[in-house]
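Residue-level structural notes
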Amino acid sequence: MDYVVKEFGSYKLHMIKTDKFKTISVKVVFRRPIEKDKITIRNVLSDLFMQSTNKYSTKRDLTIKAQDLYACEVSTSNSRLGNYITTTFHLNSLNDKYTEEGNFKEAVKFLCEIIFNPDIKDNKFNKEKIDIVKASCRSALNSLKEDSANYSLVRMFEEFDNEAPCSYRLAGYLDDLDKINESTLYEYYKDMIEQDLVDVFVLGDFNVDDISNIFREVFKVRTLKRVRIPYILDEKNVGKKREFNEKIDNSQSKLSIACCLNGLSEYERNYVLTLYNVILGGGCDSKLFKEVREENSLCYTVYSVPNKLDNVLIIQAGIDKDNYEKTVKLIEKNLDDMRKGKFDEDDISIAREYYLTALEEVLESTDRIIDNYLMMELIGTDTVDRKREMICKVTKNEIIKVAKKVKLDTVFLLEGVKDERD
């Protein structure tokens, strides 16, 4: 793949040239430091973009236009990357060689219509459309507990550190939803367009100069100010293990554990920690899966995942509440075994192959390729080729060293109290 970056003053255009796909994929990423009380309004705005624009007054009109452009796909999404919140506009369009000359440019114009010409009149968004989106958001917020695994994770992070961005509910908050109206949403939209950091990623088989000319002509963002803070959250001081419990009307209980990661180098964060996690709880060959689930039958599911930008390693399990104490003790034993080096070179080889296979899967997905380049831009991660090279250098002693930097901090049990016989 050829990778070309052009600086257009108010944004960067990242062009990833490959002939592997019949489509050209675009991601426009707006981002800023996250504020807890602004999450909900950003969610409403993100959903509102796909309801209408000044030119296309209904969702049906947007759908018809997308179909006219050879069924191009346009969507929006919000996510958190460490200390930042991002709003991403996605466009997937067939390459002109499979449609007609100029189709991709028209698709980009359509995307820009959605971003820069929303349904605003007299400095206000359309109230009817806002009410539709707010009703959908309210329903999602009221049903948060229905996804018990996710709710357990949300509550665990709130107990872990309720001031840190990792504790913020990305779904938003009902109190903030009630404050949103046509005017406040317009002011936030204007601020986002003028103040957010912006990057545009384009992946596909194209002429670099052609793509540059298209975006120079039609993508008219003018960022006035760029606020930059570190992406990685501050490390949390570790004390004694803290345990929390909340009851839920469910037959199964959800266990969520946060382990602090302190003092990691970039090499350890990006490579050694990855192999450590795969060995500990990253798949069906992991220590947790074999010992907690298979050998002791203490849980239905169990896995671990590192949240590198938050300096946290998460362990989750679905258990019967009566198995809580035994499960936590066995998880603690596995963490301690990793510190003592109770794993062998075969475990490392299996973990390395798992990682290398996952890298190959990245190259099969336009979204994941772009996300890899996004992380290269934001936090300086390596190319796929460099990742292949570096993962093969990780040693057992390095994994043990990282294992000693993983400290259990918060244990949260979402306790199911519903009798299955009811």
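Considerations on the overall build of the chain
In terms of regular secondary structure, the chain is built from 15 helices and 13 strands. The C-alpha atoms of the chain give a radius of gyration of 23 Å, which matches the 22 Å a tight globule of 422 residues would have. C-alpha extents for the chain along the principal axes are approximately 60 × 50 × 40 Å. The buried share among the 422 residues of the chain stands at 54%. The long-range share in the chain, meaning contacts at least 24 apart out of those at least 6 apart in sequence, stands at 81%. As presented, the chain carries roughly 19,500 Å² of accessible surface, and 46% of it is formed by carbon and sulfur atoms. Charged side chains in the chain number 67 positive and 75 negative. The centres of these two groups are separated by 3 Å.

Quick word on the sheet that holds strand 8 (residues 197-204)
Here six strands make up an open sheet; going across it, the order is 1-2-8-3-5-4 and the pairing mixed. Strand pairing shows two members of the sheet lacking a second neighbour, strand 1 (2-7) and strand 4 (73-81), which therefore form its edges. In this sheet, adjacent strand axes meet at a mean angle of 15 degrees when their direction is disregarded. In this sheet, strand 5 (residues 84-94) lies alongside strand 4 in antiparallel orientation, the contact comprising nine bridges. Bridge pairing in strand 5 links Thr-76 to Phe-89. In the packing of helix 3 (residues 103-116) onto the sheet, contacts are made with strand 3 (23-33), strand 4, strand 5 and strand 8, and the angle to strand 5 comes to roughly 150 degrees. In the packing of helix 8 (residues 208-218) onto the sheet, contacts are made with strand 1, strand 2 (12-17), strand 3 and strand 8, and the angle to strand 2 comes to roughly 150 degrees.

Let's talk about the environment of Arg-368
Along the chain, the position of Arg-368 falls in helix 13 (residues 366-379). Overall, the relative accessible area of 37% leaves Arg-368 in the partly exposed class. Separated by 248 residues in the primary sequence, Arg-368 and Ile-120 place their C-alpha atoms 34 Å from one another.

A short note on the packing of helix 3 against helix 8
In a packed pair of helices, the relevant descriptors are the angle between the two axes and the axis-to-axis distance. Viewed as axis vectors pointing N to C, helix 3 and helix 8 meet at an angle of 35 degrees, and their least axial separation amounts to 10 Å. Note on packing geometry: the crossing formed by helix 3 with helix 8 is right-handed. Contacts from Phe-104, Lys-105, Val-108, Lys-109 and Cys-112 in helix 3 reach Ile-211, Ile-214, Phe-215, Glu-217 and Val-218 in helix 8. The residue makeup of the contact of helix 3 with helix 8, split by class, is seven nonpolar, no polar and three charged.

Here's the deal with the pattern of salt bridges
The tally for this structure, following the rule as stated, stands at 44 salt bridges. Across the pair Glu-364 and Lys-20 runs a salt bridge whose closest N-O atoms are separated by 2.8 Å. Highlighted residues: Glu-364 in the loop between helix 12 (345-362) and helix 13 and Lys-20 in the loop between strand 2 and strand 3, separated in sequence by 344 residues. Glu-364 sits in the exposed class, given a relative accessible area of 54%. Exposure remark for Lys-20: the relative accessible area of 41% places this residue in the partly exposed category. Here Arg-80 ties to Asp-310 by a salt bridge, and the two come within 2.7 Å at their closest N and O atoms.

What to know about unusual backbone geometry
You will see that Asp-122, though not glycine, has its phi angle at about 55 degrees, which is positive. Here Asp-122 lies in the loop between strand 6 (120-121) and strand 7 (124-125).

Quick look at the pairing of strand 2
In this sheet, strand 2 lies alongside strand 1 in antiparallel orientation, the contact comprising six bridges. Looking at the pairing, Asp-2 lines up with Lys-17 of strand 2. Taking the residues between adjacent antiparallel strands as the criterion, strand 1 and strand 2 are bridged by four residues, where Gly-9 takes a positive phi near 80 degrees. Bridging between strand 2 and strand 8 involves six bridges; their strand directions are parallel.

So, the sheet that holds strand 12 (residues 312-319)
Overall, mixed pairing links the five strands, which are arranged 9-13-10-12-11 in an open sheet. With partners counted over all chains shown, the strands left at the sheet margins are strand 9 (242-248) and strand 11 (299-307), one partner each. In this sheet, adjacent strand axes meet at a mean angle of 15 degrees when their direction is disregarded. In terms of strand pairing, strand 11 meets strand 12 through eight bridges, oriented antiparallel. Pairing of Ser-304 across the sheet is with Ile-315, part of strand 12. Its contacts with the sheet put helix 9 (residues 266-281) on strand 10 (253-261), strand 11, strand 12 and strand 13 (406-416), and the angle it makes with strand 11 is roughly 175 degrees.

Cut-offs applied
- Residues numbered from 1 in each chain as written.
- Predicted model: local features only at pLDDT ≥ 70, side-chain atom pairs only at ≥ 80, totals over all residues.
- Heavy atoms only, no water.
- Helix = DSSP H or I, 4+ residues; strand = E, 2+ residues; numbered from the N terminus.
- Rg over C-alpha atoms; globule rule 2.2 N^0.38 Å.
- Buried < 20%, exposed > 50% of the residue type's maximum accessible area, 1.4 Å probe, protein only.
- Contact = heavy atoms within 4.5 Å.
- Areas by Shrake-Rupley, 256 points an atom, 1.4 Å probe, with all protein chains shown as cover.
- Lys, Arg positive; Asp, Glu negative; His and termini not counted.
- Charge placed at Lys NZ, Arg CZ, Asp CG, Glu CD.
- Pairing = 2+ DSSP bridges.
- Axes fitted to C-alpha atoms, helices over the stretch in contact; angles between N-to-C directions.
- Left-handed = near helix turned anticlockwise from the far one by under 90°.
- Nonpolar A, V, L, I, M, F, W, Y, C, P; charged D, E, K, R; others polar.
- Salt bridge = Lys/Arg side-chain N within 4 Å of Asp/Glu carboxyl O.

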